[in-house]
Structures are given as C-alpha cells and as structure tokens.
Amino acid sequence: MLNFKLDFIEDKVEFFDATDLKVLEKKIEAKIEENKAILLGVHSVSHQMYANEKGQTYFTAVVHFKRKK
C-alpha cells in the first residue's frame with residue numbers, strides 16, 4: 001500500500017527591493033501570481049522608502065503570504 005501525503009506551505013514571507021516604486025510593484029505582482037499556483041494569498045504588506053544623502057530613493061517591501069482555505 002502506498003501512502004501519499006501532501007504538505008502545504010502555510011506561511012511564506014518574501015522581501016523585495018528596488019530603486020523605483022513601479023519596479024517594486026511589478027516584482028510584487030509577479031510573485032503574487034506565482035504564489036497563487038501554490039494556493040498562497042497575500043495576508044499583509046509592509047513597505048518603506050529611504051532617501052540617501054544624494055537624494056536617491058530606495059524602496060523595500062515585505063509581503064506575508066498565507067495559504068488560502
């Protein structure tokens with residue numbers, strides 16, 4: 001008799017960065033579509049913007065994915 005067990009990913013946290021907000025959004029959107037295939041949806045998003053002494057901006061985001069039930 002063959003036992004077959006599936007382990008689902010319950011939670012997944014991913015980090016993103018970019019020097020342009022539009023690029024950051026595209027990276028996150030692509031990962032959202034990718035994670036849909038493994039039944040994960042966005043649970044929360046946290047983001048920050050940093051400007052260095054030269055005025056260059058840097059954007060970061062943390063996206064928490066949870067399994068869809």
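Scroll up for the structure.
This section reports on the structure supplied with the text.

Cut-offs and rules
- Every chain's residues receive numbers from 1 upward, in the order its sequence appears when written.
- Owing to the predicted nature of the model, reporting of local features is limited to residues with pLDDT of at least 70; listing and counting of side-chain atom pairs is limited to 80 or more, with chain, interface and lining totals taken over all residues.
- Only hydrogens and water are set aside; all other atoms, that is, all heavy atoms of the structure, feed into the side-chain values.
- Numbered from the N terminus, helices here are DSSP runs of H or I no shorter than four residues, and strands are runs of E no shorter than two.
- Buried means the residue's accessible area, taken with a 1.4 Å probe over protein chains only, is under 20% of the maximum for its type, while exposed means over 50%, and partly exposed covers the values in between.
- Values of accessible area rely on a 1.4 Å probe in the Shrake-Rupley scheme; residue burial ignores everything except the protein chains shown.
- For our purposes a nonpolar core is just a set of buried Ala, Val, Leu, Ile, Met, Phe, Trp, Tyr and Cys residues, chained together by side-chain atoms within 4.5 Å.
- One side-chain nitrogen of Lys or Arg within 4 Å of one carboxyl oxygen of Asp or Glu is enough to make a salt bridge.

### Side note on the overall build of the chain
Counting its secondary structure elements, the chain contains 1 helix and 3 strands. Listing each helix as α and each strand as β along the chain from the N terminus yields β-α-β-β. When the backbone C-alpha atoms are referred to their principal axes, the chain occupies close to 65 × 20 × 15 Å. Per-residue burial over the chain gives 20% buried out of 69 residues. Surface summary for the chain: the accessible area is close to 5700 Å², and the carbon and sulfur share equals 56%.

### Some details on the environment of D7
Residue placement: D7 occurs in the segment before β1 (11-18). Distance from D7 to N52, taken between C-alpha atoms, is 43 Å for residues 45 residues apart in sequence.

### Thoughts on the nonpolar core
In this structure, F16, A18, L24, I28, L40, F59, A61, V63 and F65 together form the largest nonpolar core, which totals 9 residues. When contributions to this core are tallied by element, the ones reaching two or more residues are β1, α1 (21-36) and β3 (57-67). Here this core takes 4 residues from β3, the largest share from any one element.

### Focus on the pattern of salt bridges
A complete count under the given rule lists 7 salt bridges for this structure. Residue K27 pairs with D17 through a salt bridge whose shortest N-O separation is 3.9 Å. Pair noted here: K27 is in helix α1 and D17 is in strand β1, with a separation of 10 residues, a long-range link. Shared partners join several salt bridges into a network, and the residues in it are K12, E14, K31 and E34.

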